[in-house]
Amino acid sequence: MSAAITTNAIDEVFARLKESGETALIPFMTMGDPDLETSVALVQAAEAAGAHMIELGIPYSDPLADGPVIQRASERALKNRISLTDCIGVASKAREKGVRMPFIIFTYFNPALQLGLERFFGLLQENGFSGAIIPDLPMEEDAETKEIADRHGIHLIPLVAPTSEARVERIASRASGFVYCVSSLGVTGERSSFHEGIGAFLATVRKAASVPICVGFGISSREQAESLAGQCDGVIVGSAIVRKVEESLPLLIADDADRKAEGIAAVRDFIAALKPQRVG
Amino acid sequence: MMQVPDQHGRFGPFGGKYVPETLMNALIELEDAYNRYKDDPDFLAEVRYLLKQYSGRPTPLYYAERLSRHVGGPKIYLKREDLNHTGAHKINNTIGQAVLAKRMGKKKVIAETGAGQHGVASATVAALMGLECKVFMGEEDTKRQQLNVFRMKLLGAEVIPVMSGTRTLKDACNETLRYWVSNVNDTYYILGSATGPHPYPMMVRDFQRVIGLETRDQILEAEGRLPDAIIAAVGGGSNAIGMFHPFVGDAGVKLIGVEAAGRGVDTEEHAATMTKGRPGVFQGSMSYVLQDEGGQVLPAHSISAGLDYPGIGPEHSYLKDIKRAEYVPITDAEALEALKLLSRTEGIIPALESAHAVAQALKTGRSMKQDEILVINLSGRGDKDVESILKYEAEAEGGHQQ
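About the cut-offs
- Throughout this document, residue positions are counted from 1 along each chain, in the order its sequence is written.
- As a convention, the first chain written is A and the first ligand written is 1, with the rest following in written order.
- Restriction of local features to residues with pLDDT of at least 70 applies here, the model being predicted, together with a cutoff of 80 or more for giving and counting side-chain atom pairs; totals for whole chains, interfaces and linings are based on all residues.
- Only hydrogens and water are set aside when side-chain values are computed; all heavy atoms of the structure are taken into account.
- We call two residues contacting when some pair of their heavy atoms lies within 4.5 Å.
- Note on definitions: buried area is the accessible-area loss of two parts on being combined, 1.4 Å probe, summed for both.
- Definition used for salt bridges: Asp or Glu carboxyl oxygen within 4 Å of a side-chain nitrogen of Lys or Arg.
- Two N or O atoms form a polar contact when they lie within 3.5 Å of each other; inside protein one atom must be a possible hydrogen donor and the other a possible acceptor, and for residues adjacent in sequence the pair counts only when both atoms belong to side chains.
- A helix here means a DSSP run of H or I that spans at least four residues, while a strand means a run of E at least two residues long, and both kinds are numbered starting from the N terminus.
- Following the grouping adopted for this structure description, the nonpolar residues are Ala, Val, Leu, Ile, Met, Phe, Trp, Tyr, Cys and Pro, the charged ones are Asp, Glu, Lys and Arg, and the polar ones are all others, Gly among them.
- Here, expected helix span is obtained from the residue count minus one, scaled by 1.5 Å.
- With a 1.4 Å probe rolled over the protein chains alone, any residue whose accessible area is under 20% of its type maximum counts as buried; one over 50% counts as exposed, and the rest are partly exposed.
- The start and end points of each domain follow an automatic or database-based domain assignment.
- Residues are called lining when one of their atoms sits within 4 Å of a cavity or pocket point, these points coming from a 1 Å grid over the protein atoms alone, where a cavity is a set in which a 1.4 Å probe fits but cannot get out and a pocket is an open set with protein on both sides within 12 Å along at least five of seven lines.
- Grid points are joined across faces, edges and corners, and a volume is the space filled by probe spheres set on the points.
- DSSP bridges decide pairing: two strands pair if at least two such bridges lie between them.

> Outline the interface of chain B and chain A, supporting the account with residue identities and numerical values.
Listed as interface residues are 37 residues of chain B and, on the opposing side, 35 residues of chain A. A buried area of about 2,800 Å², summed over both sides, lies between chain B and chain A, and 49% of it is on carbon and sulfur atoms. Contact with chain A buries area across many residues of chain B, yet Glu21(B), Arg178(B) and Gln296(B) alone supply 25% of it, more than any other trio. Summed over the shared surface of chain B and chain A, the result is three salt bridges. Across the salt bridge formed by Arg167(A) and Glu21(B), the nearest N and O atoms sit 2.8 Å from each other. Counting across the interface, chain B meets chain A through 22 residue pairs in polar contact (both at pLDDT 80 or more). Those elements that provide at least two residues to the side of chain B that touches chain A are β2 (14-18), α1 (21-37), α8 (169-182) and β11 (278-282) of chain B. Broken down by element, the residue count for the side of chain B that touches chain A peaks at eight residues, all from α8(B). Residues of the side of chain B that touches chain A, tallied by class, amount to 13 nonpolar, 14 polar and 10 charged.

Okay, here's the thing in structure tokens:
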């Protein structure tokens, strides 16, 4: 049997959203912040809030592409010595609890490399993942990784940036899953404005891509999500959600079950409020 | 031997460009510019002029007679990189990169620094060429090296304390890359070691090769033959690769890189990347890295802020794996003893980084014959370290009393 010919859940979701004219809402969360059990509950909450798929972020000691909010979340998670395999486990636990949306792992390259790429993608496949984003693995370095990901039926989702220029076509044309368009120069984090040429940039990516295109880096409000909705198939929200988790930490780490539930509800409501309204 | 790096920036399996997509075109632009200028007579003439008239090259290759007699083995020569302007080899590279930045039309430069030597060398060339300069330095290091912070400010640079992670060199590198991602359109990144994504390891090596090239001419003039062994300290590895590279094809010349063993390679406080690390991807390239089982990068420790780094340049990893160079650890205590010995026998206070190379020379020299020749790359001077040494001694003294 070949995994590569089975349908990928990410493709199914985008096909469905295309029918209904909706834009995908894709939250990002750092796994193990503040602990693995809470991460499972937050993933459930994200689906309840209307997320269409979710990025599960692996905490890393040197997160080059991330701004201070996600750096702090990584530091908190690493204090508990959360490993890559622990994080993959969050996905299978969330599935057991009935979560149905596709899972996308977001990890820097080294933890995957140290686990062994075969084993890494094997575990992703076994634990119900559909995609992987590796921000420090540009196309020049991804040949072996992409081949192994394909073999396990996992979409290796590439990033394109406003500075990619002539690279856009090459990246977008060989993309699988979707193309992750970086909305602005810089690291992850909330912003009041995007790169000035964002419209033209997205149009260029759209033209070159045979898969959906999603926008991330800096989106923190529904207004921003809606302003982009007509130009892309999905919006990714990371730092704003991770910041909400950070603000809710006193509740999330409470022993008292009601207070904990209150913290999870706060994150859920925040994600629900981000959801762009149907276009047209 | 294979020509390294290849067109993908690979030294065997090491090197490459593992950076966020936002930086890829900047690296390609840099590589194109470097390839355009590296053999350009005007470019080379400007670099050569500044190395000579501004930094004071060539630096002497000094026969350390009293040190040689003390060791009782080979004739020991010191390549006096400490006599460069700003007190270390770092300026060889910053001159080259600043001239390149200017040709590329960049008006702003950024740099990372650990001990402050590369920061000072960057601030210096920025002042010289009228470039706006920001230096990122771990908050911990700004405390350990206050004098260098002040020097950089005097030179007109802005010093930005880095509060993330371990607040030392590795985090300063992360923060400089993050800043570059945001400001890539008008900013040139002067990377200070032979590390990071391609083309930096190659370019920094090329700018530092002047050390080895001069040494080669000088030893041939003094002794009529090449040395039997060359020893250099390795943090990221720029002084060592600059010294080693012109000798890589000479099988008779032993190349020894010395890394910081801190409080010992069997403790958790060391920076012995080759001895205790394994290959991984860190800060833009594949190389040996100090890391845990899960691939998280471990904090490094050394008495010397310049060697306090959990990675190493990819070309060193290549030289290690093809067995052309060997890499050995030296502890804080051994380095300090060597620093004192060189100070007393030769009247030269070496940088703590370079003292690691001196300490290894004492070991290697013991098994060498009197008609053999050993060259130590004395990469920097020790004035900057006097305060750290005082502090270390006070702590050691306190420890003894308990």
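From this point, the narrative continues.
> Tell me about α8(B), residues and numbers included.
All names here are of chain B. If you check α8, its first and last C-alpha atoms are 20 Å apart, about what 14 residues at 1.5 Å a residue would give, namely 20 Å. Of all the 14 residues making up α8, 11 are buried; the element is thus mostly covered by neighbouring parts of the structure. The complete set of buried residues in α8 reads Leu-169, Lys-170, Asp-171, Ala-172, Cys-173, Asn-174, Thr-176, Leu-177, Arg-178, Trp-180 and Val-181.

> Just give me the short version of the domain arrangement of chain B, but keep the residues and values in it.
All names here are of chain B. Domains assigned within chain B are domain 1 (17-52 + 90-200) and domain 2 (56-87 + 209-399). Distance from the C-alpha centre of domain 1 to the C-alpha centre of domain 2: 23 Å. On the side of domain 2, 35 residues touch domain 1, which itself brings 30 residues to the contact. At the boundary of domain 1 with domain 2, total buried surface from both sides reaches about 2,500 Å², with 54% on carbon and sulfur atoms. Looking only at domain 1, the three residues that lose the most surface to domain 2 are Tyr-18, Arg-144 and Lys-170, adding up to 22% of its buried area. Here domain 1 is connected to domain 2 by one salt bridge. Here Asp-308 makes a salt bridge to Arg-144, at a shortest N to O gap of 3.1 Å. One can count 11 residue pairs in polar contact (both at pLDDT 80 or more) joining domain 1 with domain 2.

> Tell me about the layout of surface pockets, residues and numbers included.
Within this model, the largest pocket holds a volume of roughly 690 Å³. Forming the walls of the largest pocket are 29 residues, and the residues nearest its centre are Ser61(A), Leu78(A), Asp292(B), Gln296(B) and Val297(B). Only α3 (68-79) of chain A together with α8 of chain B provide two or more residues apiece to the lining of the largest pocket. Each residue belonging to the lining of the largest pocket can be placed in one class, and the counts come to 11 nonpolar, 10 polar and eight charged.

> Describe the pairing of strand β3 (residues 103-106) of chain A, naming the residues involved and giving the relevant values.
Residue and element names in this part refer to chain A. Covered by surrounding structure in β3 are Phe-103 and Ile-105 together with Ile-104 and Phe-106, the residues of both alternating faces. Two elements, strand β2 (residues 54-57) and β3, share four bridges in a ladder whose sense is parallel. Each bridged residue has a counterpart across the sheet, and for Gly-57 the counterpart in β3 is Phe-106. The pairing of β3 with strand β4 (residues 129-133) spans four bridges and is classified as parallel. Looking at the pairing, Ile-105 lines up with Ala-132 of β4.

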